[in-house]
Amino acid sequence: MKKNIFRAAALSAMLTLGLSSMQAQRSYECPPLNPEWQAMAEQIVTLNMDDPEKANKVFMQLSKKIKKNKEDLVAVGTYFLEHDNYPAASQCAKAVYEADPTYIPGLMFSGEVFMKAQRWGDAGQKFDEVLAIDPTNVPALKRNAFVYKNVNPHVAIDALNKIKEIDPSYTDADRNLGDIYYKLDNYKEAVKYYGAYYDAAPKEADKLDIGSCESYLQALFSMSAQDDTNPDKMIEVASVLKPMAPNDILIPRMDFFAKFKKIELSMDYDGAVAA
């Protein structure tokens, strides 16, 4: 690399500030980071904004030392990725792919780098390469489901169903399937998968996805003409959710709609109004 990858410090800052929240957690097992490489990486991160020329010189020195070692490239690249230095992480991703294009931690790391830049197609391609080597790689399937959820939902559905086959205890697969079918306006399937997720998930605010549960309530209401037990389920779910999200407007609204629907369906109108 002859160019100065840190010269445009302002651009680097915009990239990292806008994308730093993409990686919630690591999807691959990262090799240990050599203390010497870590010290140099820390220096690069520190200098990146104040002295990009010097940061680039240190990076060039470091890259020469590790360019043929795929484990070091992933370890150093992960450090840069987790410290919001996208340009350096991207260079490590390119180098590790050149060193060994079949190295699964390297492919997963490269996919994470592309996710950081919101290059979803490129990220999905890296996870696809992992799955071509190991079709049962659950982390790659989870990442594929994530990157394709909004751009190619049918690929995401396939990935999530494969995860369910491998790990039936992964309840988030049902939640994600519910989200996908809800966005596709397939409320019957959304109710099915949201119901499976809601029944299995702990009823605690920090463990239950409130947004997906809101969509569950709306899907139940949309299908209430086909299933007159849906209003009862909505009332039950809303009663559990209200204490978890006391400032949420949609939950009591759907609770009201459910109760109004029960009045509409009731043979005893006065009794239903009183109830």
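Residues numbered from 1 in each chain as written. Predicted model: local features only at pLDDT ≥ 70, side-chain atom pairs only at ≥ 80, totals over all residues. Heavy atoms only, no water.

Caption draft 1: Structural view of the pattern of salt bridges. A complete count under the given rule lists 18 salt bridges for this structure. We note a salt bridge from Lys116 to Asp84, for which the minimum N-O separation is 2.6 Å. With Lys116 in helix H6 (residues 104-116) and Asp84 in the loop between helix H4 (70-82) and helix H5 (86-99), this residue pair connects regions lying 32 residues apart in the sequence. A relative accessible area of 2% means that Lys116 is categorised as buried. The closest approach of N and O atoms between Glu204 and Lys207, which form a salt bridge, is 3.6 Å. What makes Lys207 partly exposed here is its relative accessible area of 46%. Taken together, the shared-partner salt bridges in this structure form one network comprising Lys149, Asp172, Arg175, Asp179 and Asp209. (Salt bridge = Lys/Arg side-chain N within 4 Å of Asp/Glu carboxyl O. Helix = DSSP H or I, 4+ residues; strand = E, 2+ residues; numbered from the N terminus. Buried < 20%, exposed > 50% of the residue type's maximum accessible area, 1.4 Å probe, protein only.)

Caption draft 2: A look at a nonpolar patch on the surface. A cluster of nonpolar side chains, contributed by Phe221, Phe256, Phe257 and Phe260, occupies part of the molecular surface with about 390 Å² of accessible area. It is helix H14 (residues 250-265) that contributes the most residues to the nonpolar patch, three residues altogether. Relative to the helices and strands, Phe256 is located in helix H14. (Patch = residues over 30% accessible without salt bridge, like charges linked within 9 Å, V, L, I, M, F, W, Y side chains within 5 Å. Areas by Shrake-Rupley, 256 points an atom, 1.4 Å probe, with all protein chains shown as cover.)

Caption draft 3: Quick look at the side chain of Asp248. Within the secondary structure layout, Asp248 lies in the loop between helix H13 (230-244) and H14. Of the buried charged residues, Asp248 lacks a salt bridge, with Arg253 as the closest side chain of opposite charge at 7.8 Å. Separated by 2.8 Å, the side chain of Asp248 and the backbone nitrogen of Leu250 make a polar contact. A polar atom in the side chain of Asp248 sits 3.0 Å from the backbone nitrogen of Ile251. (Lys, Arg positive; Asp, Glu negative; His and termini not counted. Polar contact = N/O pair within 3.5 Å; in protein donor to acceptor, adjacent residues only side chain to side chain.)

Caption draft 4: Looking closely at the packing of helix H10 (residues 172-183) against helix H12 (residues 210-222). For the pair H10 and H12, the least separation of the axes is 10 Å and the interaxial angle reads 50°. Considering the angle they form, H10 stands oblique to H12. The hand of the H10/H12 crossing is left-handed. Residues Arg175, Asp179 and Tyr182 of H10 pack against Ser212, Ser215, Gln218 and Ala219 of H12. In terms of residue class, the contact of H10 with H12 is built from two nonpolar, three polar and two charged. (Axes fitted to C-alpha atoms, helices over the stretch in contact; angles between N-to-C directions. Parallel < 35°, antiparallel > 145°, perpendicular 65-115°, else oblique. Left-handed = near helix turned anticlockwise from the far one by under 90°. Contact = heavy atoms within 4.5 Å. Nonpolar A, V, L, I, M, F, W, Y, C, P; charged D, E, K, R; others polar.)

Caption draft 5: Representation of the packing of aromatic side chains within the structure. Scanning the entire structure with this criterion turns up 11 aromatic pairs. With a centroid separation of 5.7 Å and an interplanar angle of 5°, the aromatic rings of Tyr181 and Tyr193 are classed as stacked. Residue Tyr181 is located in helix H10, and its partner Tyr193 is located in helix H11 (residues 187-200); the two are separated by 12 residues in the primary sequence. A relative accessible area of 11% means that Tyr193 is categorised as buried. These aromatic residues form a ring-pair network of at least three members: Phe221, Phe256, Phe257 and Phe260. (Phe/Tyr/Trp six-rings, centres within 6.5 Å; stacked < 30°, edge-to-face > 60°.)

Caption draft 6: Up close: H4. For H4, spanning 13 residues, the distance from its first C-alpha to its last is 18 Å, which sits close to the expected 18 Å at 1.5 Å a residue. Within H4, 10 of the 13 residues are buried, leaving the element largely enclosed by the surrounding structure. Every buried residue of H4 is listed here: Asp72, Leu73, Val74, Ala75, Val76, Gly77, Thr78, Tyr79, Phe80 and Leu81. As for H4, its buried residues are in contact with helix H2 (35-50), helix H3 (52-66), H5 and H6. Measuring from the side-chain oxygen of the N-cap residue of H4 to the backbone nitrogen of Glu71 gives 3.1 Å; that N-cap residue is Asn69. Once H4 ends, the next one or two residues include Asp84, with phi positive near 55°. (Expected span 1.5 Å × (residues − 1).)

Treat this as a map of the structure, not an account of what it does.
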